[in-house]
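So you can see what is in the structure, the chains are spelled out below.
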Amino acid sequence: MSFGEHCDLCRHQQTSLQIGMTCQLTQATPNFKNTCPNIQIKNSFQEKLDLLNIEIAKIKRSRSSVYVKFYISIIVGLAFIFVGVYSINSYSDFFESEELYLTVFTGLTACSVAYKILNKYRNELKVAKTEKRKIDLLLNKYKITYTTDIKFGKKYHGVQEVSIEMNMKGKFAKRTKTTYKINS
C-alpha cells in the first residue's frame, strides 16, 4: 500500500532526508491497513482541493467559447478547401493553380487548428477530472464527502477573483469559504 497519498493530506506528515516520511504522532514510518486512524486534513490539502475544483469549473465555463472557435475554424477551413478545390478544377494555368493549392492548404490548416482547440479543452478537462477522481476515492476511504459552490467575480487585468464555499461531511465535517485570485 502507498501511504504517501494518505500522508499528503495529513497535517501530521513530516519528512527527512535520513528516514523519509514519518508521522509526527508516532515518530515512525506510516503503518496502517486501509486508513490512518489519526489523520487530520491539513490546510494545504484543502487549498489544493479548492483550486482543483475551481480549475474544473473554469474549464467547463470555457466550453461554449471553445466550441464556437471550433465551429468557426471548421467552417472557415472547409470554405477555403471548397474554394480551392473548385477553382483548381476550373483553371489550367500552373501559376494560378499554385495559389489555389495554397488556399486548400490554408483550409486544411484552419481545420487542424480547430481540432487542436477542441482536443486541448478535452485533455485539460480529462486531466483535472482524473486528479479529482483520485482525491475523491481517497476521501471516500475516510467516508468524507463534500459539496462546492463556486462563484467567479469580475476579471481585472487578467486576474479573476473566485470564491469557493466547501461543505465537508463525514469525519472532518466543516464548512469553509475561501477567496482566491487566479490568472485567467
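Each remark here, short or long, concerns the structure printed above.
Residues numbered from 1 in each chain as written. Predicted model: local features only at pLDDT ≥ 70, side-chain atom pairs only at ≥ 80, totals over all residues. Heavy atoms only, no water.

Undergrad: Please give an account of the environment of Lys-174 that cites residues and values.
TA: With respect to the secondary-structure elements, Lys-174 resides in strand β5 (residues 174-183). Taking relative accessible area as the criterion, Lys-174 reaches 31% and is therefore assigned partly exposed. Residues Lys-174 and Tyr-115 lie 59 residues apart in sequence; the distance between their C-alpha atoms is 43 Å. In this structure Lys-174 touches Gln-46, Met-166, Asn-167 and Met-168, once residues within four positions along its chain are discounted. (Helix = DSSP H or I, 4+ residues; strand = E, 2+ residues; numbered from the N terminus. Buried < 20%, exposed > 50% of the residue type's maximum accessible area, 1.4 Å probe, protein only. Contact = heavy atoms within 4.5 Å.)

Undergrad: Lay out helix α2 (residues 43-61) with the relevant residues and their values.
TA: Each α-helix turn comprises 3.6 residues. Residues three or four places apart therefore point the same way. With 19 residues, α2 extends 27 Å from end C-alpha to end C-alpha; this agrees with the ideal 27 Å at 1.5 Å per step. All of the buried residues in α2 are Phe-45, Gln-46, Leu-49, Asp-50, Leu-52, Asn-53, Ile-54, Ile-56, Ala-57 and Ile-59. (Expected span 1.5 Å × (residues − 1).)

Undergrad: Provide a residue-level description of the packing of aromatic side chains, including the pertinent values.
TA: Going through the model one piece at a time under the given rule, you end up with four aromatic pairs. Ring geometry for Tyr-67 and Tyr-71: centres 6.3 Å apart, planes at 35°, overall tilted. With Tyr-67 and Tyr-71 both in helix α3 (residues 63-90) and four residues apart, this pair spans about one turn of that helix. Ring geometry for Tyr-67 and Tyr-121: centres 6.3 Å apart, planes at 75°, overall edge-to-face. A residue pair is termed long-range when its members are at least 10 positions apart, and Tyr-67 in helix α3 and Tyr-121 in helix α4 (residues 94-141) qualify at 54 residues. (Phe/Tyr/Trp six-rings, centres within 6.5 Å; stacked < 30°, edge-to-face > 60°.)

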